[in-house]
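Each chain, written out:
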Amino acid sequence: MVVTDQLVDLVRAGLESLVAAGSLPAESVPEPSFERPRNREHGDWATNVALVVAKGVGKPRDVAQALADAIEPSGLVESVEVAGPGFLNFRLSPAWLHDVVRRAALSEGFGRSTKGAGRKVNVEFVSANPTGPINVVSGRHAAVGDTIASLLQATGHEVIREYYFNDAGRQMLLFGASVGARYLQHFGRETDLPEDGYKGDDVISIAHMIAEQIGDSMIEAEPAKLAQRMLELAWPPILENTKRSLERFGTRFDVWFSESTLHERGQVTAAIDKLREKDLIEERDGAVWFLSSRLGDDKDRVVIRSNGEPTYSAADLGYVVNKFSRGFDRLIYLWGADHHGTVARFMAAVEALGFDRSSVEVPLVQIVSLVRGGEQIKASKREGVYVALDELIDEVGVDAARYTFLTRSIDAPLEFDIDLVKEQAPENPVYYVQYAHARICSILRKAIDEGHQADASTAPLDALVHPAEDELMRKLASYEEVVPEAAERRAPQRITHYAEELASTFTAFYRDCKVVSDDRTLTAARLALCVATRVVIADALGLLGVSAPERM
RNA sequence: GCGCCCGUAGCUCAGUGGAUUAGAGCGUCCGGCUACGGACCGGAAGGUCGGGGGUUCGAAUCCCUCCGGGCGUACCA
């Protein structure tokens, strides 16, 4: 049982006995919460529960003292004292830290919880249209979405990673027309790119590829037919490249979801009909409108244009119904902050379609701005301005790239200076963390060579009394708080920061405590601590999708 | 105008209700390699947590307001 749960039980029992004695009203008993005090003089764990219940009952310190007296002694708790305005500070026996070391070293679900057990979550991220190579902006989304998904799995959720792609519709036909223009140019025809068309050079190479495949058979085709045909030929190989790049980047999706299948199955129309039944649909100016303003949106939104084509957000209606029909309890849509203006409309649709708004969340990843040659450039696929994810991987490697994306909060805009990132790649903190891991592996190899055993289940952990050992054990213990918090807050950066702290704490231990020595008891204990640290570093890096090398 | 995000050390950023020492990396300055891996380590300088008001026993953290920056505000996505 995790130590905080045991403490909660102890304190709850104490509170209940105060209620039974009449010194606390029954309705004022909250779930006690525990935290690790920053200052070590304040004990191992502290709760503010007395401050919370004291309101209208008495002085916080008096309540705290009464509660401290009411808490039954146990083998776990060495002392409970009242401090500051009314905190209860707990000092624990060394056994809890030893338990941490053993559980971590033996990999028995350390850092895992079952909080989300039985909950099925869909995490949809990246979802870039297959109009060209996947870029670094998508790279940030891939790293973040993948890690959020891993964190949810670590807290017991069943998770599906999903990629939604556009293979139809106005925007994609524009892309098809752009490819068509390049196709015609390939055969020497004088043709301009469509206005707002896709201007990137990669469109040229796609057109060349198609030209080799089908020859000049389409050069006399009607523009609309040409665009449609080019689109059909272009997107599948582009999507394949996207899959390959993302897999190379360590991100694997469970489901690749095609927008056009929603239309083919009539799910978009069905969703609109459902809104119509609720009188949330109106025809105006020849278009069909969703009256989203009745549900918190700024204004109503078109779902079917006056030319009869559904809008992209109409597909979203069918898609959310489709997702829920697959049995998910929660949908997470990781969107770019430049789409935040559509969140209100989307949430209005969720409600209108009969779903609970609180079961859908849309974390927004702030924009990535590109800097190249000291100048800020606006990344745009249509303008052909971007840095390809493959290029980033080639230059700095997967580990450094992912790690960089995962050190920042999703709320922080990311300035991506491609020159600077390449230059600073060797100084990336990821190597500090990986180095600590490799160093531990090296120590363990040496110890085993010399006939020592690294068996945490039998190691005499009482021998660990040095302050640096104590610090390291405490840092390991906090992993069990960090993972659920990172998961709940959708905050991968908590894991990167923790990994650096753990590596740094280990390095201090390494400096002060020689692991392998003639003292076999002490060596056995320290080896167990090393194993525990190695496991936790590897686990944290694993959540981030970063490798944990045994040698560097 | 309205909406969302941001404003913390010279720079890039963590910390988002807890304890009169607010942290890290980089940069700057000083010092350290005869131990299991120096991709390192120790120390120093550097902060009105954008300004003001409020809530609270307690605020960088919550609320209001102002200032500054980014993004959005389409029958594009």
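Treat the numbers as computed from the prediction; the structure is a model and nothing was measured. (Residues numbered from 1 in each chain as written. Chains lettered and ligands numbered in written order. Predicted model: local features only at pLDDT ≥ 70, side-chain atom pairs only at ≥ 80, totals over all residues. Heavy atoms only, no water.)

Draft legend 1. Representation of the protein's contact with RNA strand B within the structure. The local shell around RNA strand B holds 59 residues, among which Gln 171, Arg 305, Tyr 312, His 340 and Arg 494 are the closest. A distance of 3.2 Å separates a sugar or linking oxygen of RNA strand B from a polar atom in the side chain of Glu 35. For RNA strand B, a sugar or linking oxygen lies 2.7 Å from a polar atom in the side chain of Asn 166. Mapped by element, the contributors of at least two residues to the surface near RNA strand B are strand E4 (87-92), helix H6 (170-186), helix H16 (429-449) and helix H18 (493-512). (Near = heavy atom within 4 Å. Polar contact = N/O pair within 3.5 Å; in protein donor to acceptor, adjacent residues only side chain to side chain. Helix = DSSP H or I, 4+ residues; strand = E, 2+ residues; numbered from the N terminus.)

Draft legend 2. Broad picture of helix H17 (residues 467-488). When the terminal C-alpha atoms of H17 are compared, their 32 Å separation across 22 residues agrees well with the 32 Å that a helix rising 1.5 Å per residue should span. The largest bend in H17 comes to about 30°, at Glu 480, with the proline Pro 484 one to four residues further on. For H17, a buried count of 16 out of 22 residues is recorded, marking the element as mostly surrounded by other parts of the structure. Looking one or two residues beyond H17, the residue adopting positive phi is Arg 490, at roughly 55°. (Expected span 1.5 Å × (residues − 1). Bend = angle between axes of the 7 residues up to and from the residue. Buried < 20%, exposed > 50% of the residue type's maximum accessible area, 1.4 Å probe, protein only.)

Draft legend 3. Representation of the sheet that holds strand E9 (residues 287-290). Strand order in the open sheet made by the three strands is E8-E9-E10, with antiparallel pairing throughout. In the strand order of this sheet, the two ends are held by strand E8 (281-284) and strand E10 (301-304), each with one partner. On average, each strand axis in the sheet is tilted by 45° relative to the strand beside it, whichever way the strands run. One ladder, built from four bridges, connects E8 with E9; its direction is antiparallel. Directly across from Arg 284, in E9, lies its bridge partner Ala 287. (Pairing = 2+ DSSP bridges. Axes fitted to C-alpha atoms, helices over the stretch in contact; angles between N-to-C directions.)

Draft legend 4. Geometry of the domain arrangement of chain A. Here the domain parsing of chain A yields domain 1 (3-92), domain 2 (170-234) and domain 3 (425-544). Taking only C-alpha atoms, the centre of domain 2 and the centre of domain 3 are 56 Å apart. (Domains from an automatic or database assignment.)

Draft legend 5. A look at the sheet that holds strand E7 (residues 255-258). Ordered by their spatial adjacency, five strands build an open sheet running E7-E6-E5-E11-E13, and the pairing between neighbours is parallel. The outermost strands of the open sheet, each flanked by one partner alone, are E7 and strand E13 (360-361).

Draft legend 6. Highlighting the environment of Val 8. Of note, Val 8 is situated in helix H1 (residues 3-20). Spatially, the C-alpha atom of Val 8 lies 25 Å from that of Ile 495, the residues being 487 residues apart in sequence.

Draft legend 7. Local environment of the pattern of salt bridges. Taken as a whole and judged by the stated rule, the model has 34 salt bridges. One salt bridge connects Arg 229 with Glu 232, and the closest N-O pair in it is separated by 3.4 Å. Taken together, the residues span about one helical turn, with Arg 229 and Glu 232 both in helix H8 (residues 223-248) at a distance of three residues. A relative accessible area of 33% places Arg 229 in the partly exposed class. Of the residues examined, Glu 232 reaches a relative accessible area of 38% and is grouped as partly exposed. The salt bridge partner of Arg 252 is Glu 247, with a shortest N-O separation of 3.7 Å. You can call Glu 247 partly exposed: its relative accessible area is 42%. Three or more residues joined by partner-sharing salt bridges are found here, namely Arg 244, Arg 248, Asp 390 and Asp 394. (Salt bridge = Lys/Arg side-chain N within 4 Å of Asp/Glu carboxyl O.)

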